[in-house]
Amino acid sequence: MKKQEFRQLLHEVAMQTVPSNRDIWPMLQERLTADLHRRQRVRLLPATRLGWVGFALATVFVFSITAYAGGSWLHRLLERDERLQHIDLSLSQRLALSQTIENVTVAVEWVYADTDRVLVGYTIRAADGKRFDPYGETLRDKADITLPWQSTYGMTGQSDALQVTLPAGEGAYTAIFDNISASPVLDVRFEVRAQELVLPSIHAAPTMETTEETPLVLAPVPAGRIIGPFTFDFNVTVVSSSQPR
Amino acid sequence: MQEFEAIARLKQGDISGLESLVKTYQVNALRAAYLIVRDYDLAEDVVQDAFLRAYERINQFDVKRPFAPWFFRIVINIAKRTAVQRERHIHLDNASTNEEAALDEILAADLQSDPQVTVEQRDLQHAVWVALGRLSPAQRAAIIQRYYLDMTEKDVAVHSGTALGTLKWRLHTAREQLRVWLGNSCASF
């Protein structure tokens, strides 16, 4: 058998089960809608810059900078995500790794790994109080295999109810990756960049007399500068997943 | 809609861009995923997950590069992981039954679609299908990337996050095993 024949056989086998007119868009659209609704419920950080305006005006979910994986806020957060609600964070490992670039410090505080997921808990803090969000998180093992990123939870702000406060310019994040490695101990490199959050300014149209009908004009928002990558190497022992199959 | 326009729309959060990309890539993605996970329903889940992930991460996609390799990298990674998880939990007896069922489907489809297909050809398809199932998910994914998606070894290595030497060895051992399992019909493969 030549390579071309083998290739042809693969195509024939696949074609017989997957017809050319198969359309998954209707199902995907349903999932997309359901996912968006779910994310709106569990997402604690606004997805858009405008969202941050409302976010800043409202009191938000918060946590202490000293809280890490064992923090009750994180337990409650994970309980809201069906992918993560079975995770036992008491099995997480504490780390104390930090790196500063251009007055922005990223500190990796804890990591958790089971046979399904890897969670990395870290903070981003800017010395000048500006807000930076994570951008382009990656996790690779020593064989240079990239563990697929799933999502990132983030928290910032203050809460009187919880009596905890994060300083201005600091956010704490939990990045979630799929564990596709079979290794009992992961030797990994975590990389993340920090992107400056630029809030839009609101102006009334200058040549118009201000009335209730005067349109408010949102000034174009420049893209925030990106700093990094911040790079961290560490090991983590993989615990058994308690996620029901 | 042109691909660049679909991507630009998607980057702005307009899912009509995603719809266009789905229509373009879904069939090939489903087939590649099916060859790796070996179950049609799972393959659909894999490809849906891949499109959702592409949607989530489209802002990380460099528009100067082609979309297909970036997207198929996502498909293959999810398919590989799904295949690993599936094979961890499938009892051998069930696996045999499933493979026989899949073979029956293949043979039935052959007979319906083309009565001229020879017994030898169907046997060969069956043999290839069964032999692929005996490879590890990582080997199978590498074979599918190399021979079904027609990627170069270098591209397969880059897209699977594997060193080129490791990938070459993985392909070599997979080919050797296929040669053994497929016997003479695979002599020059």
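Residues numbered from 1 in each chain as written. Chains lettered and ligands numbered in written order. Predicted model: local features only at pLDDT ≥ 70, side-chain atom pairs only at ≥ 80, totals over all residues. Heavy atoms only, no water.

Novice: Hey, could you run me through the interface of chain A and chain B in this one?
Specialist: If you look at the interface, chain A gives 45 residues, while chain B gives 57 residues. Here chain A and chain B share an interface that buries about 4800 Å² over both sides, 58% of which is from carbon and sulfur atoms. Our count for the contact surface shared by chain A and chain B stands at six salt bridges. Among the salt bridges present, the one from Arg53 of chain B reaches Asp178 of chain A, with a minimum N-O distance of 3.4 Å. The tally of links from chain A across to chain B stands at 18 residue pairs in polar contact (both at pLDDT 80 or more). Secondary structure elements with two or more residues in the side of chain A that touches chain B: α1 (3-17), α2 (25-42), β4 (132-141) and β5 (149-155) of chain A. When residues in the side of chain A that touches chain B are grouped by element, the largest group, twelve residues, is from α1 of chain A. Split by residue class, the side of chain A that touches chain B holds 21 nonpolar, nine polar and 15 charged. (Contact = heavy atoms within 4.5 Å. Buried area = accessible area lost by both parts, 1.4 Å probe. Salt bridge = Lys/Arg side-chain N within 4 Å of Asp/Glu carboxyl O. Polar contact = N/O pair within 3.5 Å; in protein donor to acceptor, adjacent residues only side chain to side chain. Helix = DSSP H or I, 4+ residues; strand = E, 2+ residues; numbered from the N terminus. Nonpolar A, V, L, I, M, F, W, Y, C, P; charged D, E, K, R; others polar.)

Novice: Can you help me understand the sheet that holds strand β1 (residues 93-101) of chain A in this one?
Specialist: Whether parallel or antiparallel, the strands of a sheet pair through hydrogen bonds between backbone atoms. All names here are of chain A. An order of β1-β2-β3-β8-β5 is seen for the five strands of this open sheet, with the pairing classed as antiparallel. Looking along the sheet, the strands with just one partner apiece sit at the ends: β1 and β5. Neighbouring strand axes in the sheet, compared pairwise and without regard to direction, differ in orientation by 20° on average. (Pairing = 2+ DSSP bridges. Axes fitted to C-alpha atoms, helices over the stretch in contact; angles between N-to-C directions.)

Novice: Could you clarify how one ought to interpret the sheet that holds strand β12 (residues 226-237) of chain A in this entry?
Specialist: Residues and elements named next belong to chain A. Read across the sheet, three strands follow the order β4-β9-β12 without closing on themselves; strand pairing throughout is antiparallel. The sheet is open, and its two borders are formed by β4 and β12, each paired with just one other strand. Across the sheet, the mean angle separating the axes of adjacent strands is 20° when strand polarity is ignored. The sheet contact formed by β4 and strand β9 (residues 185-196) spans eight bridges and is antiparallel. When the bridges of β9 are listed, Tyr135 appears paired with Arg193.

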